[in-house]
Structures are given as C-alpha cells and as structure tokens.
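Chain residues, written in single-letter form:
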Amino acid sequence: METTVILLKPDCVGRRLVGEVIRRFEAAGFTIKGAKMMAMTRELLREHYAHLVAEPFYPLLEAFMMSSPVIALAVGGDGVIERARTLVGPTDSRKAAAGTIRGDLGTDNRRNILHASDSPEAAAKELSRFFHSGELFGD
Ligand code: UDP
Ligand code: MG
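Quick caveat: nothing in here was measured; it's all calculated off a predicted structure. As a convention, each chain's residues are numbered from 1 in the sequence order in which they are written. Whichever chain is written first becomes A and whichever ligand is written first becomes 1, with later ones labelled in order. Selection of residues for local features in this predicted model requires a pLDDT of at least 70, selection of side-chain atom pairs for listing and counting requires 80 or more, and totals for whole chains, interfaces and linings are taken over all residues. Calculated side-chain values reflect all of the structure's heavy atoms, with hydrogen atoms and water omitted.

Student: Report on the overall build of the protein chain, specifying residues and quantitative values.
Tutor: A run of H or I in DSSP counts as a helix once it spans at least four residues, and a run of E counts as a strand once it spans at least two, with each numbered from the N terminus. In terms of helices and strands, the protein chain carries seven helices and four strands. The order of α-helices and β-strands along the protein chain, N terminus first, is β-α-α-β-α-α-β-α-α-β-α. Its C-alpha atoms give the protein chain a radius of gyration of 14 Å, within 12% of the compact-globule value 14 Å for 139 residues. Principal-axis analysis of the C-alpha atoms gives the protein chain an extent of 40 × 35 × 25 Å. Contacts are assigned to residue pairs with any non-hydrogen atoms lying within 4.5 Å of each other. Long-range contacts, defined as pairs at least 24 residues apart, comprise 74% of the intrachain contacts of the protein chain with a sequence gap of at least 6. Both definitions apply: the radius of gyration is a C-alpha atom measure, and the globule rule equals 2.2 Å times residues to the power 0.38.

And the structure:
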C-alpha cells in the first residue's frame with residue numbers, strides 16, 4: 001500500500017470544490033490517511049517547487065499558492081502514486097481530458113485545482129515535508 005500527497009490548491013478551496021475532489025479519490029478506492037489545512041510560506045513553496053523557482057512564471061505561482069490556505073491530504077491505496085496522477089490529469093487544465101479532475105474542474109496551467117506527488121521518491125519527501133508522523137493514520 002502506497003501513500004501519496006495531494007494539495008488542494010487555493011482555487012479548489014475558493015471555488016468550494018474540496019468535497020468534490022475528495023469524493024473522486026474515495027470513489028476510486030483510495031483512503032484518506034491524513035488531512036490538514038495550512039497556509040503555504042515562501043520558504044515551503046521554494047522547497048516544494050524547487051524545480052520551478054527559476055521559471056518566469058514562478059512569482060505568479062507563488063502568489064497563487066499563498067492567496068489562501070491549502071488542504072494537504074495523505075492518500076493511501078495500491079499504486080496510488082501513479083493512479084492519482086492519472087486521475088488528476090496533465091498540468092494544463094485546458095489540455096486535460098474530460099473525466100480527469102483538472103479536465104473537469106481546472107482553469108489553466110496554474111489554476112489546476114491540486115498537486116499530486118509525481119514519483120515514490122517525491123511522495124516520501126512530500127509526506128515528511130507536510131506531515132509529522134503523528135498526523136498520519138491507518139497503518
Ligand atoms: N505552473 C504554472 N505555470 C506553468 C507550469 C506550471 O503556474 O507554466 C504551476 C501549476 O500550478 C503546476 C505547478 O506549477 O501544477 C507545478 O508544476 P509541475 O510542472 O510540477 O506540474 P504538476 O506536477 O503539478 O502537473
Ligand atoms: Mg509536479
């Protein structure tokens with residue numbers, strides 16, 4: 001059983017899509033193992049999006065991610081890391097297929113509803129970045 005990290009971004013929270021997105025993960029057979037609302041800091045974002053800090057769009061991404069609190073979820077299930085990425089769809093919501101979360105609910109390549117860990121290595125790092133061990137439940 002794997003665990004992945006999902007962040008429900010400010011557009012998801014602001015548009016009241018939190019329940020709908022969690023519903024989709026549960027309907028796919030995954031289990032919530034941790035959940036917390038948190039305000040992103042500049043420092044945390046620079047670590048989480050280290051691969052993007054030098055991009056020209058980074059200031060806009062940072063402002064977006066700090067525009068309201070996010071909700072961090074630890075989501076467990078067989079093959080959940082890769083399967084969640086499939087459920088989420090590609091980065092640009094405008095190019096994401098209908099039936100994916102971003103395709104159905106996202107706006108563009110920044111306002112795309114949620115983050116999902118992209119590999120087992122990333123999931124492990126992000127679990128320790130966003131959760132203390134006592135905040136994870138279920139195994
Ligand atoms: N992003 C953006 N502009 C871009 C590309 C990405 O604002 O041109 C944002 C978007 O919110 C995306 C996040 O940066 O989800 C992280 O980018 P990454 O390439 O890791 O995409 P993801 O793994 O979220 O699909
Ligand atoms: Mg990514």
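Here the narrative resumes, following the displayed structure.
Student: Which residues make up the side chain of N112, and what values go with them?
Tutor: Along the polypeptide, N112 turns up in the loop between α6 (101-105) and β4 (114-116). Using a relative accessible area of 1% as the deciding quantity, one classes N112 as buried. From its side chain, N112 meets the backbone oxygen of T91 in a polar contact 3.0 Å long. Among residues more than four places away in sequence, those in contact with N112 are K9, D11, T91, S93, R102 and G106. Relative accessible area decides the class of each residue, using a 1.4 Å probe on protein chains only: under 20% of the type maximum gives buried, over 50% gives exposed, and in between gives partly exposed. We define a polar contact as two N or O atoms separated by no more than 3.5 Å, with the added condition that, inside protein, one atom must be a possible hydrogen donor and the other a possible acceptor, whereas residues neighbouring each other in sequence contribute only through side-chain atom pairs.

Student: Any details on the site of ligand 1? Residues and values, ideally.
Tutor: Residues in contact with ligand 1, as listed here, are K9, Y49, H51, L52, F57, L61, R85, T91, R102, N109, R110 and N112. Note that an oxygen atom of ligand 1 is positioned 2.8 Å from one of the side-chain N or O atoms of K9. T91 places a polar side-chain atom, nitrogen or oxygen, 2.6 Å from an oxygen atom of ligand 1. The method behind every accessible area is Shrake-Rupley, applied with a 1.4 Å probe, and residues are considered shielded solely by the protein chains displayed. Protein contacts shield 84% of the accessible area of ligand 1, which totals 510 Å² for the unbound molecule. We call a residue near a given molecule or strand whenever any one of its heavy atoms falls within 4 Å of it.

Student: Could you give an account of the nonpolar core, with specific residues and numbers?
Tutor: Ranked by internal contacts, the top residues of the largest apolar core, which has 20 residues, are I6, L8, V21, F25, I113 and L114. Only β1 (2-8), α2 (18-27), β3 (70-77), α5 (80-88), α6 and β4 provide two or more residues apiece to this core. No other element matches α5, which puts four residues into this core. Among buried residues, those of type Ala, Val, Leu, Ile, Met, Phe, Trp, Tyr and Cys that are joined through side-chain atoms within 4.5 Å constitute a nonpolar core. The next biggest cluster of nonpolar side chains, apart from the first, holds 18 residues, and it includes L45, L52, M65 and F131.

Student: How would you explain the sheet that holds β3 if you had to name every residue and give the values?
Tutor: What makes two strands pair is DSSP finding at least two bridges between them. Pairing within the open sheet is antiparallel, and its four strands lie in the order β2-β3-β1-β4. Each edge of the open sheet carries a strand with a single partner, namely β2 (31-38) and β4. Here the average twist between neighbouring strands, direction ignored, is 20°. Strand direction decides the pairing type here: β1 and β3, joined by seven bridges, are antiparallel. Paired with V5 across the bridge in β3 is A74. In this analysis an axis means a line fitted to C-alpha atoms, helices contributing only their contacting stretch, and an angle means the value between N-to-C directions, from 0 to 180 degrees. Packing of α2 onto the sheet brings it into contact with β1, β2, β3 and β4, and relative to β1 it is tilted by some 165°. Here α5 sits on the sheet and contacts β1, β3 and β4; the angle it forms with β1, its principal contact strand, is near 30°.

Student: A description of α2 should follow, citing residues and the corresponding values.
Tutor: Regarding α2, the residues found buried are V21, R24 and F25. Along α2, the residues classed as buried sweep out an arc of 95° about the axis, all on the same side. Exposed residues on α2 whose side chains face more than 90 degrees from its buried face are G19 and A27. Its buried side turned inward, α2 meets β1, α1 (10-14), β3, α5, α6 and β4. Note on α2: the residue one or two positions beyond its end, G29, has a positive phi of about 95°. This arc describes the spread of directions from the helix axis toward the C-beta atoms.

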